[in-house]
Amino acid sequence: MKIATYNVNGVNGRLPVLLKWLEEEKPDVACLQELKAPNEKFPLEAIEKAGYKAVWHGQKSWNGVAILSREHEIEEIGRVLPGDPDDVQSRYLEAMINGVLVVCLYLPNGNPYPGPKFDYKLSWFARLEKRAKQLLDFKTPVVICGDFNVMPTEIDVYKPERWVNDALFRVESREAWFNLVGQGWTDAVRKLYPDKVIYTFFDYFRNAYQRNAGLRIDHFLLSDELVPKLKAAGVDHHVRGWEKSSDHCPVWIELRK
């Protein structure tokens with residue numbers, strides 16, 4: 001079972017890139033972030049023509065998440081991260097696919113630091129931590145994936161000294177990440193590649209992609225039930241070089257049956 005996560009940075013504007021990638025890589029499950037489209041503008045017809053079922057949670061101009069499945073039915077479990085009834089940002093989606101609870105998220109960026117956006121990021125992280133603990137308690141296979149907007153360690157960021165006061169690398173954000181992982185989650189990519197420099201995001205400016213000056217901010221967290229099944233993981237680095245591509249690369253894992 002191949003599960004991928006991909007911040008598409010506008011599902012309609014970059015639809016040709018998304019469809020090309022789906023055709024080439026054929027993930028069984030694809031979790032998308034930053035749709036930047038309201039629910040009624042989600043390109044369902046094109047997605048279905050590509051061979052995928054979909055559930056999505058859109059929002060006009062900003063945010064938005066979706067989960068696609070190639071072979072198996074999707075049972076939506078929830079589309080709101082509990083803990084703040086006033087939060088209207090579309091950043092969270094849960095669905096059961098082939099016996100695995102798939103969580104797709106787009107965690108707040110948090111910049112500029114300090115400020116209300118950073119406070120929102122940390123409060124969202126705290127809500128996620130609470131929900132993640134509940135998911136672990138279910139004792140069912142769970143994968144949490146998406147754009148976490150955090151670089152956990154210095155190996156995950158090009159020239160870390162330049163990022164110390166960025167919301168993605170602030171000590172508070174990294175502590176929140178490790179508090180979450182410390183519940184009993186496994187960082188799938190680091191499980192297989194503990195010391196390898198791996199980036200999933202390259203800014204559009206300063207030839208970041210060409211210089212391999214990137215960040216690792218798109219992650220997979222696995223519950224204990226899935227760790228023994230982890231077979232492979234990787235980043236479709238080449239997709240970032242396609243014309244009109246997102247600034248993120250697709251990231252994927254493969255699970256044994």
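Here the structure is shown first, and the text comes after it.
So, here's what we can say about the structure. (Residues numbered from 1 in each chain as written. Predicted model: local features only at pLDDT ≥ 70, side-chain atom pairs only at ≥ 80, totals over all residues. Heavy atoms only, no water.)

Observations regarding the sheet that holds strand S2 (residues 29–33)
Each strand in a sheet pairs with another by means of backbone hydrogen bonds, the pair being arranged parallel or else antiparallel. Ordered by their spatial adjacency, six strands build an open sheet running S3-S4-S2-S1-S12-S11, and the pairing between neighbours is mixed. With partners counted over all chains shown, the strands left at the sheet margins are strand S3 (53–57) and strand S11 (230–235), one partner each. Strand-to-strand twist in this sheet, taken as the mean axis angle between neighbours without regard to direction, amounts to 15 degrees. Bridge analysis of S3 against strand S4 (residues 65–69) gives five bridges, and the strand direction is antiparallel. Pairing of alanine 54 across the sheet is with leucine 68, part of S4. The strands touched by helix H1 (residues 15–25) within the sheet are strand S1 (2–7), S2 and S4, with S1 carrying the most contacts at an inclination of about 165 degrees. (Pairing = 2+ DSSP bridges. Helix = DSSP H or I, 4+ residues; strand = E, 2+ residues; numbered from the N terminus. Axes fitted to C-alpha atoms, helices over the stretch in contact; angles between N-to-C directions. Contact = heavy atoms within 4.5 Å.)

Some points on a positive patch on the surface
On the surface, Lys159, Arg162, Arg206 and Arg211 cluster together into a patch of positive charge. In this fold, lysine 159 is placed in the loop between strand S8 (142–147) and helix H4 (171–181). (Patch = residues over 30% accessible without salt bridge, like charges linked within 9 Å, V, L, I, M, F, W, Y side chains within 5 Å. Areas by Shrake-Rupley, 256 points an atom, 1.4 Å probe, with all protein chains shown as cover. Salt bridge = Lys/Arg side-chain N within 4 Å of Asp/Glu carboxyl O. Lys, Arg positive; Asp, Glu negative; His and termini not counted. Charge placed at Lys NZ, Arg CZ, Asp CG, Glu CD.)

Focus: the pairing of strand S12 (residues 251–255)
Where burial is concerned, most of S12 is hidden: four out of the five residues are buried. Here S1 pairs with S12 via four bridges, running antiparallel. Across the sheet, lysine 2 pairs through a bridge with glutamate 254, a residue of S12. When S11 meets S12, the two strands line up antiparallel, connected through five bridges. When the sheet's bridge partners are listed, alanine 232 is paired in S12 with glutamate 254. (Buried < 20%, exposed > 50% of the residue type's maximum accessible area, 1.4 Å probe, protein only.)

Examining the packing of helix H3 (residues 116–137) against H4
At a minimum axis separation of 10 Å, H3 and H4 run at an interaxial angle of 5 degrees. Relative to H4, the element H3 is oriented roughly parallel. Facing Phe118, Lys121, Leu122, Phe125, Leu128, Glu129 and Ala132 of H3, the residues of H4 in contact are Glu172, Ser173, Ala176, Trp177, Asn179 and Leu180. Split by residue class, the contact of H3 with H4 holds eight nonpolar, two polar and three charged. (Parallel < 35°, antiparallel > 145°, perpendicular 65-115°, else oblique. Nonpolar A, V, L, I, M, F, W, Y, C, P; charged D, E, K, R; others polar.)

Points about the packing of aromatic side chains
Per the stated rule, a full pass over the model turns up seven aromatic pairs. A centroid spacing of 4.8 Å and a plane angle of 80 degrees characterise the contact between tyrosine 113 and phenylalanine 118, whose relative ring orientation is edge-to-face. Residue classification places phenylalanine 118 among the buried positions, given a relative accessible area of 3%. Taking 5.3 Å as the distance between ring centres and 85 degrees as the angle between the ring planes, the aromatic pair formed by phenylalanine 148 and tryptophan 177 counts as edge-to-face. (Phe/Tyr/Trp six-rings, centres within 6.5 Å; stacked < 30°, edge-to-face > 60°.)

Examining H1
All buried positions along H1 are accounted for by Leu15, Val17, Leu18, Trp21 and Leu22. End-on, the buried residues of H1 take up no more than an arc of 160 degrees, which puts them together on one face. Opposite the packed face of H1, turned more than 90 degrees from it, sit the exposed residues Pro16 and Glu23. If you follow the buried residues of H1, they end up packed against S1, S2, helix H2 (44–49) and S4. (Arc of directions from axis to C-beta.)

Focus: the side chain of aspartate 156
Checked against the element boundaries, aspartate 156 lands in the loop between S8 and H4. We classify aspartate 156 as buried; its relative accessible area is 1%. Among the polar contacts made by the side chain of aspartate 156, one reaches the side chain of threonine 153 at a distance of 2.9 Å. With residues near it in sequence (within four places) discarded, aspartate 156 still touches Met151, Arg190, Tyr199, Gly214, Leu215 and Arg216. (Polar contact = N/O pair within 3.5 Å; in protein donor to acceptor, adjacent residues only side chain to side chain.)

Regarding the sheet that holds strand S5 (residues 75–78)
The strand order across the open sheet formed by six strands is S5-S6-S7-S8-S10-S9, and the pairing between neighbours is mixed. For this open sheet the edge positions go to S5 and strand S9 (186–187), each flanked by a neighbour on one side alone. Running over the sheet, H3 touches strand S6 (92–97), strand S7 (100–106) and S8 and is turned about 20 degrees from S6.

Quick look at the pattern of salt bridges
A complete count under the given rule lists 13 salt bridges for this structure. Lysine 36 is the salt-bridge partner of glutamate 34, the closest N and O atoms lying 3.6 Å from each other. Given a relative accessible area of 32%, lysine 36 falls into the partly exposed group. Residues arginine 79 and glutamate 76 are paired through a salt bridge, measuring 2.8 Å at the closest nitrogen-oxygen approach. Residue class for arginine 79 comes out partly exposed when judged on its relative accessible area of 27%. Taking the relative accessible area as the measure of exposure, glutamate 76 reaches 32% and is therefore partly exposed. Three or more residues joined by partner-sharing salt bridges are found here, namely Asp156, Asp187, Arg190 and Arg216.

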